[in-house]
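Coordinate inspection notes
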Amino acid sequence: MKKILLSIVLAAFAFAANAQFVIGGQVTLNTNGGSTWHNNAANEYTIPADINTNFVLAPKFGYNLNEKMHIGITLGFTSRVYKDYSNYAALYRAHKGFEGWDKTTNNGFYVAPYFRYTFMTYNKLSFFAEAQLAYTMTPKGKVHSHNTGVSGVIDPHDETVEGTTTSNSLSIAAVPGINYRFSNHFSADLYIDLLGIGFVNQTTHYKDKVGGVDVERKTTARDFHCVASFSTESLADHLNLFRLGFNYHF
């Protein structure tokens, strides 16, 4: 019995020594916005563009099965803030100095197991394809609605509504990429998100008061999509197709 236990322990140490475990991850922050300015004989006005800010923190854990195959899992935290001016566009046009927007904030989590196959290596560069399966859950978020008001047209208000949106999504992606090995312990991955299939189920639950009366509505939306981007023009125009991650090997 002792010999069997000793053999198991030695086998476990041998596996750990050769498994080449990898710890890495990605940090992403992007935001976009702007404004549109108009001037004509009747009026001069500026309408802000919608502002969309996304933050992703995604550590990953995996190991190399051999020189070509690698498996692992990514655990991610996402945060999205979307500021929407479209509901107040007409008031911006008609009333100089008016300000109004609806801001939606959602935080989410995702789990994404993956399998990577390295099909070519040249010096410190490796070219790979990675299959990813991701489940994303966005628990209750909030909506902050604000406007400065227009006398006789719309009353000013500033309120935050909690518990407004929930969503769950499942996606499958085939992602090509490039790995660069700085040393025996450090490397970087450049992902190019070209092909993906996804399903999103989203429930929006909205509560508000209108004229002192409680108003509540609930909607459910489902979306199935397939995305493929292969042209060099689209790669140059859409930098969000590229993701950069760093790894530590031990």
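Further up the page is the structure itself.
Just so it is clear, the structure is predicted and the values come from calculations on it, not from any experiment. (Residues numbered from 1 in each chain as written. Predicted model: local features only at pLDDT ≥ 70, side-chain atom pairs only at ≥ 80, totals over all residues. Heavy atoms only, no water.)

**Quick word on the pattern of salt bridges**
Across all of its chains, the model carries three salt bridges by this definition. Residues Lys60 and Asp189 are paired through a salt bridge, measuring 3.1 Å at the closest nitrogen-oxygen approach. Of this pair, Lys60 sits in strand 4 (residues 51-64) while Asp189 sits in strand 11 (residues 186-192), and the two are 129 residues apart along the sequence. Of the residues examined, Asp189 reaches a relative accessible area of 1% and is grouped as buried. Residues Glu130 and Arg116 are paired through a salt bridge, measuring 2.9 Å at the closest nitrogen-oxygen approach. Within this pair, whereas Glu130 is found in strand 7 (residues 125-138), its partner Arg116 is found in strand 6 (residues 100-122), the two being separated by 14 residues in sequence. Of the two residues examined, Glu130 and Arg116, each falls in the buried class. Members of the salt-bridge network, linked through shared partners, are Lys60, Arg116, Glu130 and Asp189. (Salt bridge = Lys/Arg side-chain N within 4 Å of Asp/Glu carboxyl O. Helix = DSSP H or I, 4+ residues; strand = E, 2+ residues; numbered from the N terminus. Buried < 20%, exposed > 50% of the residue type's maximum accessible area, 1.4 Å probe, protein only.)

**Digging into the packing of aromatic side chains**
What the rule picks out here adds up to ten aromatic pairs. Measuring from ring centre to ring centre gives 6.3 Å for Phe21 and Phe250, while their planes differ by 25 degrees; the resulting arrangement is stacked. With Phe21 in strand 1 (residues 21-32) and Phe250 in the segment after strand 14 (242-249), the pair connects residues that are 229 residues apart, well separated along the chain. On the accessibility criterion, Phe21 (27% relative accessible area) is partly exposed. Measuring from ring centre to ring centre gives 5.8 Å for Phe77 and Phe109, while their planes differ by 55 degrees; the resulting arrangement is tilted. Here Phe109 lies in strand 6 and Phe77 lies in strand 5 (residues 69-84), a separation of 32 residues in the sequence. What makes Phe77 partly exposed here is its relative accessible area of 30%. Overall, the relative accessible area of 42% leaves Phe109 in the partly exposed class. Lying across the ring of Phe128, Arg116 places its NZ or CZ 3.8 Å from the centre. (Phe/Tyr/Trp six-rings, centres within 6.5 Å; stacked < 30°, edge-to-face > 60°. Lys NZ or Arg CZ within 6 Å of the ring centre and 35° of its normal.)

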